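Listed here are the chains, written in short residue letters.
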Amino acid sequence: MMNDNEKLFNSGILTEEKQEAVLPPMDLWEKKKNGLVVIECPQQIPCNPCHDSCPTGAIMAFENIIDIPRIDYEKCTGCGRCVARCPGLACFVVDLTWGEENEALMKLPHEMLPLPRAGDEVACLNRMGEEVHRGKVINVTEPWKDCTRVVHVSVPKDMIMKIRAVKVV
Amino acid sequence: MKTTEILVVGGGPAGLSAAIEAASLGCDVVLMDSDLKLGGQLIKQTHKFFGSREEFAGTRGFEIGNLLFDEVEKYKKEGKLEIFSNTTVTGYYKEDGIVSYTIGEETYDLIKPQRIVMATGAQEKRIAFPNNDLPGVYGAGAVQTLMNVYGVAPGEKVLMIGAGNIGLIVSYQLMQAGVKVAGIVEAMPRIGGYWVHAAKIRRLGVPIYLQHTITEALGDKVIEGAVIQEIDNTFKLVGEPMKIDCDTICMAIGLTPTCELLWSAGCEMKFVPQLCGYVARRDAMMRTSHPDIWVAGDAAGIEEASAAMVEGRIAGLAAAASLKPEGCQMLKEKSTDYLKRLENLRAGETGAKIRCGLEQVCCECWG
Amino acid sequence: MTRKMIKDHPILNFEHEKKKVVKFTFDGREMEGFEGEPIAAALHSNGVQVYRITPKHERTRGFFCAIGKCSSCFMIVDGVPNVRTCVTALEAGMKVETQTGMGILKPEK
């Protein structure tokens, strides 16, 4: 029988034990203005637009197109272009330098209506779609002008590994 | 009787690509498609495609369709490509190689092509449960057509059956169209589609019921709900039936290749479960056992549209090169690249099934 | 009755306002649709889901495959039975009827 973690993972939810692999090194993360990318792409699929869309080469070239993305965090500027380009909406940027000490700024992909606007209070959803916080939208960008928005939302620092989407309420 | 050098049957991603390549080698091409609009399933896809830059990865499916239409338009203007939409190819007569077709519901005619590329696509599979015939039980492709091409919501609350890529993507598209998704039911212990597709709908609160099946659709004249139940590893029902409130049941069980014309033509066929049904045996250039017939796209085995486009390009080019000796060099140059791209698209864990299926039907070249 | 159309969409722009609205009838009731859209889509947006009644068991049938392959959406259009309404374009003044049983072909005059 599958345990609960396996069951969740098999239905598209990243579980605690698999998280470590995708996190940037904390010492660099805490200092990096504009944040660093977190990519939750644990399955080998034939896809590389994250690399193609990265202007600094932080998402490294794929030796094989099915590779899982590898990141040179030194080069990542937190620009969010990959966030808006990834077909799987699997890229997120987390800026730990933003705001007050216990705050962080998350840049999340968004393709649903209604569109959030700067200043809105939105529901912040975890990987299962449960509302875990109400956050304030700081900015909404559309890096590729292709209807995929990047929503910048303020969240408590201890929630950065929980929140993965926002919903206008 | 109308004649042409190359007839392409089907105007989806594979057929359009085949027609473009064949016309680029200077062949006269006729493309027939049964739908009112060209583009097959491509024009219904609002999500960004996977793959690499060559397959327009990161671009939405319907926009990739527009790029193909631009190429089609160019060859139409040059008089190399003639398009028949709302035209169903109804038969291939192997005695004389004549093809019959009907425009709309009433007009019948015949055409004699020198070469044919069959890019007929696929059709929805169904599973048996009481009331599976009621209006409100719709194929996933039909749901996409209704909402993404014509702007009509299929219902207010949908239960999705099947968590392959189509079930996952269509669930996401339903939410974009403002339709609620009650849940996704999947018989296997894991989703069949890309994990990231599942993640993006899970985080919007849609439940995925793994190891569950639909046992009954509720309703008298139309769908008024559904009953689902857990199954064990042997697919035996366990646990308690659960009622789901919905007015639409979307079937994303899978597709099976549309291959009637290939059968009529006497192509060597094989049942390959990994390719989801009967498919024609073919060589690396997509030529079937019938020397004048090529196959491409879902008709050659169910895969992603990105692969269909590359297969279409190979088939169109190869069919054209068989008529234009000067095209053989071009075929040699381009096909190396195309084959490499297909290999990439089929790499890794998610492509294992396809690779296994292809091993059973591909031959090096026909003797 | 007003048609139920998807108006706002995060990705697509249907431009419904640019389409030509035409009138047609369904079992005698007047309805509106867009010229050139499939008859089945026009009916669905008007809240009609039952397109025919099967010959043997008198089961209701509607839209299913939307690509002209499954026969579920056969209806009588302008007197002609077994019309695949999912791939037949709507025209002004069309007389669309629920098909009960097998279609009966009328000899041409």
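Scroll up for the structure.
The structure contained in this document is the topic of the report that follows. Bear in mind that the values here come from a model prediction, so they are computed numbers and not experimental data.

1. Points about the sheet that holds strand β3 (residues 52–53) of chain C
Two modes of strand pairing occur in sheets, parallel and antiparallel, and in both the strands are linked by backbone hydrogen bonds.
Thinking step 1. Strand order in the open sheet made by the 3 strands is β4-β3-β8 (chain C), with mixed pairing throughout. The outermost strands of the open sheet, each flanked by one partner alone, are β4 (60–61) and β8 (99–100) of chain C.

2. Looking at the interface of chain A and chain B
Thinking step 1. Contact residues are listed per partner, giving 35 residues for chain A and 36 residues for chain B.
Thinking step 2. Only α1 (4–10) and α4 (49–53) of chain A provide two or more residues apiece to the side of chain A that touches chain B.
Thinking step 3. No other element matches α4(A), which puts 3 residues into the side of chain A that touches chain B.
Thinking step 4. Here the side of chain A that touches chain B is composed, by residue class, of 18 nonpolar, 10 polar and 7 charged.

3. Notes on the pairing of strand β5 (residues 98–103) of chain B
Residues and elements named next belong to chain B.
Thinking step 1. Bridge count between strand β4 (residues 87–93) and β5: 6 bridges; the pairing is antiparallel. Residue pairing for β5: Y93 is matched across the bridge by I98.
Thinking step 2. Counting the residues in the hairpin turn of β4 and β5 gives 4 residues, including G97, whose phi is positive at 70°.
Thinking step 3. Here β5 pairs with strand β6 (residues 107–118) via 5 bridges, running antiparallel.

4. Notes on the pairing of strand β3 (residues 103–110) of chain A
Residues and elements named next belong to chain A.
Thinking step 1. Within β3, 7 of the 8 residues are buried, leaving the element largely enclosed by the surrounding structure.
Thinking step 2. As paired elements, strand β2 (residues 91–95) and β3 share 3 bridges and run antiparallel to each other. Each residue of the ladder has a partner; that of V93, found in β3, is K107.
Thinking step 3. Relative to strand β6 (residues 149–156), β3 runs antiparallel, the two being bridged by 8 bridges. Looking across to β6, one finds that E103 is bridged to P156.

5. Points about the packing of helix α7 (residues 305–321) of chain B against helix α8 (residues 328–345) of chain B
Two quantities define a packed helix pair, namely the angle between the axes and the distance from one axis to the other.
All names here are of chain B.
Thinking step 1. Packing of α7 against α8 leaves a shortest axis separation of 10 Å and a crossing angle of 160°. By the angle class used here, α7 and α8 are roughly antiparallel. In this structure, α7 meets α8 at a crossing whose hand is left-handed. When α7 is examined against α8, the residues S306, A307, V310, R313, I314, L317, A318 and A321 are found in contact with a partner set consisting of C328, M330, L331, K334, S335, Y338, R341, L342 and L345.
Thinking step 2. Split into classes, the residues belonging to the contact of α7 with α8 amount to 12 nonpolar, 2 polar and 3 charged.

6. Considering the environment of V158(B)
Residue and element names in this part refer to chain B.
Thinking step 1. Within the secondary structure, V158 sits in strand β9 (residues 157–161).
Thinking step 2. Sequence separation of V158 and C250 is 92 residues, and the distance between their C-alpha atoms is 6.7 Å.
Thinking step 3. Apart from residues no more than four positions distant in its own chain, V158 is found in contact with L174, V179, V181, A182, C246, T248 and C250.

7. What about the sheet that holds strand β7 (residues 95–97) of chain C?
Residues and elements named next belong to chain C.
Thinking step 1. With mixed pairing, 5 strands are arranged side by side in an open sheet as β2-β1-β7-β5-β6. Strand pairing shows two members of the sheet lacking a second neighbour, β2 (29–34) and β6 (80–84), which therefore form its edges. Looking at each pair of strands side by side, their axes are set apart by 40° on average, direction ignored.
Thinking step 2. Judged from the 2 bridges that link them, strand β5 (residues 74–77) and β7 form a sheet pairing that is antiparallel. Of the residues in β7, the one forming a bridge with I76 is E97.

8. Remarks on the nonpolar core
Residue and element names in this part refer to chain B.
Thinking step 1. Of all hydrophobic cores here, the largest spans 198 residues; its most connected members are A19, V117, M118, C250 and A296.
Thinking step 2. Inspection of this core shows a minimum of three residues originating in each of domain 1 (2–123 + 255–363) and domain 2 (126–251).
Thinking step 3. Aside from chain neighbours lying at most four places away, what touches A19 is V8, V29, L31, V72, L81 and G316.

Calculation notes
Residues numbered from 1 in each chain as written. Chains lettered and ligands numbered in written order. Predicted model: local features only at pLDDT ≥ 70, side-chain atom pairs only at ≥ 80, totals over all residues. Pairing = 2+ DSSP bridges. Helix = DSSP H or I, 4+ residues; strand = E, 2+ residues; numbered from the N terminus. Contact = placed C-beta atoms within 7 Å. Nonpolar A, V, L, I, M, F, W, Y, C, P; charged D, E, K, R; others polar. Buried ≥ 20, exposed ≤ 12 C-beta atoms within 10 Å, placed from the backbone. Axes fitted to C-alpha atoms, helices over the stretch in contact; angles between N-to-C directions. Parallel < 35°, antiparallel > 145°, perpendicular 65-115°, else oblique. Left-handed = near helix turned anticlockwise from the far one by under 90°. Core = buried A, V, L, I, M, F, W, Y, C linked by C-beta atoms within 7 Å. Domains from an automatic or database assignment.

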